[in-house]
Amino acid sequence: VSFAAGSRERSFIMVKPDGVHRGLVGDIIKRFEQRGYKLVGIKVIVPSRELAAKHYAEHDGKPFFPKLVDFLSSGAVVAMVFEGKDVVKTGRTMIGATNPLASAPGTIRGDFGIDMGRNIIHGSDSVDSAMREIALWFKADELADYEPVATPWLYE
Ligand code: RTP
Ligand code: MG
């Protein structure tokens, strides 16, 4: 197999408990798929408080940290890894601003959310964060290595 240059970048994308309860998983996957991103890992889990705290370790000590950890571990999440050119940056654009009220229509948060603490989805904020988060949530053998047949119609 010969992958297009730059097409192996990966991002950790997670539908939070509010998005799962509201039935938004399918729409979110659809958006990433139709953009051209390739799903290489997916699982449904109820994260422990410990896992939630590790995931949001950069926010440890901030006033909103305890409720953030409580919320993320309050129900099932859908943890995913998407792969493709510039997926970290483009994923963040597709997700929208942290505060849904400031997110443009057309973005996931701008189409589905109102409150900051119920903003539906997480996306890695840098390639380094993505590598850390993917290693935290997935074992290496839970990620698939494959090239879709459509690749020549997606990348020049
Ligand atoms: P995420 O990590 O979940 O993708 O969100 P983000 O990058 O857009 O925002 P981040 O700064 O990483 O914050 C993580 C989550 O914490 C909640 N938050 N609350 N001032 C506040 O009350 C506040 N700031 C952030 C949000 O739920 C945000 O998604
Ligand atoms: Mg963040």
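Residue numbers run consecutively from 1 along every chain, following the written order of its sequence. Chains carry letters and ligands carry numbers; both start at the beginning, A for chains and 1 for ligands, and go up in the order they are written. The model is predicted, so local features are restricted to residues of pLDDT at least 70 and side-chain atom pairs to those at 80 or more, both for listing and for counting; the totals for chains, interfaces and linings are taken over all residues. The side-chain numbers reported here are obtained from all heavy atoms of the structure, hydrogens and water having been left aside.

A. Fine view of the overall build of the protein. Across its full length, the protein holds eight helices and four strands. Elements are defined by DSSP. Helices are runs of H or I of four residues or more, strands are runs of E of two residues or more, and each kind is numbered from the N terminus. Tracing the protein from N to C terminus, the helices and strands come up as β-α-α-β-α-α-β-α-α-β-α-α. Put simply, the radius of gyration uses C-alpha atoms, and a globule should come to 2.2 Å times the residue count raised to 0.38. Relative to the 2.2 N^0.38 estimate, which gives 15 Å for 156 residues, the radius of gyration of the protein is 15 Å and therefore close to what a compact globule would have. Projected onto its principal axes, the C-alpha coordinates of the protein cover approximately 45 × 35 × 25 Å. Working definition: with a 1.4 Å probe on protein chains only, accessible area under 20% of the residue-type maximum means buried, over 50% means exposed, and in between means partly exposed. Here the protein holds 156 residues, and 46% of them are scored as buried. Residue contacts are counted whenever heavy atoms from the two residues lie within 4.5 Å of one another. Of the contacts formed within the protein by residues at least 6 apart in sequence, a portion of 79% connects residues at least 24 apart. Computed with a 1.4 Å probe, the accessible areas rest on the Shrake-Rupley method; for each residue, only the protein chains presented here act as cover. Of the roughly 8,400 Å² of accessible surface on the protein, a fraction of 57% belongs to carbon and sulfur atoms. Positive and negative side-chain charges in the protein, numbering 20 and 20 respectively, have mean positions lying 3 Å apart. When charges are tallied, Lys and Arg are placed among the positive residues and Asp and Glu among the negative ones, while His and the ends of the chain are skipped. Where a charge lies is defined by one atom per residue type: Lys uses NZ, Arg uses CZ, Asp uses CG and Glu uses CD.

B. Inspection of the packing of aromatic side chains at higher detail. What counts as a ring pair is set by centres within 6.5 Å for rings of Phe, Tyr and Trp (its six-membered ring), and what kind of pair is set by the plane angle: stacked under 30 degrees, edge-to-face over 60, tilted for all other angles. Counted by the stated rule, this structure contains three aromatic pairs. With 4.8 Å between their ring centres and 20° between their planes, F32 and F82 make a pair best called stacked. Taken as a pair, F32 in helix 2 (residues 25-35) and F82 in strand 3 (residues 77-83) lie far apart in primary sequence, 50 residues in all. Both residues of the pair, F32 and F82, count as buried. Chaining the aromatic ring pairs together yields one cluster made of F12, W137 and F138. To sit over a ring, a charge needs its Lys NZ or Arg CZ within 6 Å of the ring centre and within 35 degrees of the ring normal. For K38, the ring lying beneath its charged end belongs to Y146, and the centroid distance is 4.7 Å. Directly above the ring of F138 sits K43, whose terminal nitrogen or CZ lies 4.8 Å from the centroid.

C. Representation of the environment of R8 in the model. Considering the arrangement of structural elements, one finds R8 in the segment before strand 1 (10-15). Once the C-alpha coordinates of R8 and D27 are considered, the two residues, 19 residues apart in sequence, prove to be 23 Å apart. When near neighbours in sequence (up to four residues on either side) are disregarded, R8 contacts F3, E83 and D145.

D. Region of interest: the site of ligand 1. Near, as used in this document, describes a residue that has one of its heavy atoms within 4 Å of the molecule or strand being considered. Around ligand 1, the neighbouring residues are K16, Y56, H59, F64, L68, R92, T98, R109, M116, N119, H122 and G123. Between an oxygen atom of ligand 1 and a side-chain N or O atom of K16, the distance comes to 2.8 Å. Contacts to ligand 1 include R109, whose side-chain N or O atom sits 3.1 Å from an oxygen atom. Protein contact buries 79% of the 560 Å² of open area that ligand 1 shows by itself. Looking at side-chain class alone, the shell around ligand 1 contains four nonpolar, five polar and three charged residues. Here a polar contact means two N or O atoms within 3.5 Å. Within protein one must be a hydrogen donor candidate and the other an acceptor candidate, and residues neighboring in sequence count only if both atoms are side-chain atoms. Charged residues are taken to be Asp, Glu, Lys and Arg, nonpolar residues to be Ala, Val, Leu, Ile, Met, Phe, Trp, Tyr, Cys and Pro, and polar residues to be all remaining types, Gly included.

E. Summary view of the side chain of S11. Relative to the helices and strands, S11 resides in strand 1. Ignoring sequence-local partners within four residues, the contact set of S11 consists of M80, V81, F82, V87, V88, S124, A130 and I134.

F. Inspection of helix 2 at higher detail. Along helix 2, the residues that are buried comprise V25, I28, I29, R31 and F32. The buried residues of helix 2 occupy one face: seen down the axis, they fall within an arc of 155°. When we speak of the arc, we mean the arc of directions from the helix axis to the C-beta atoms.

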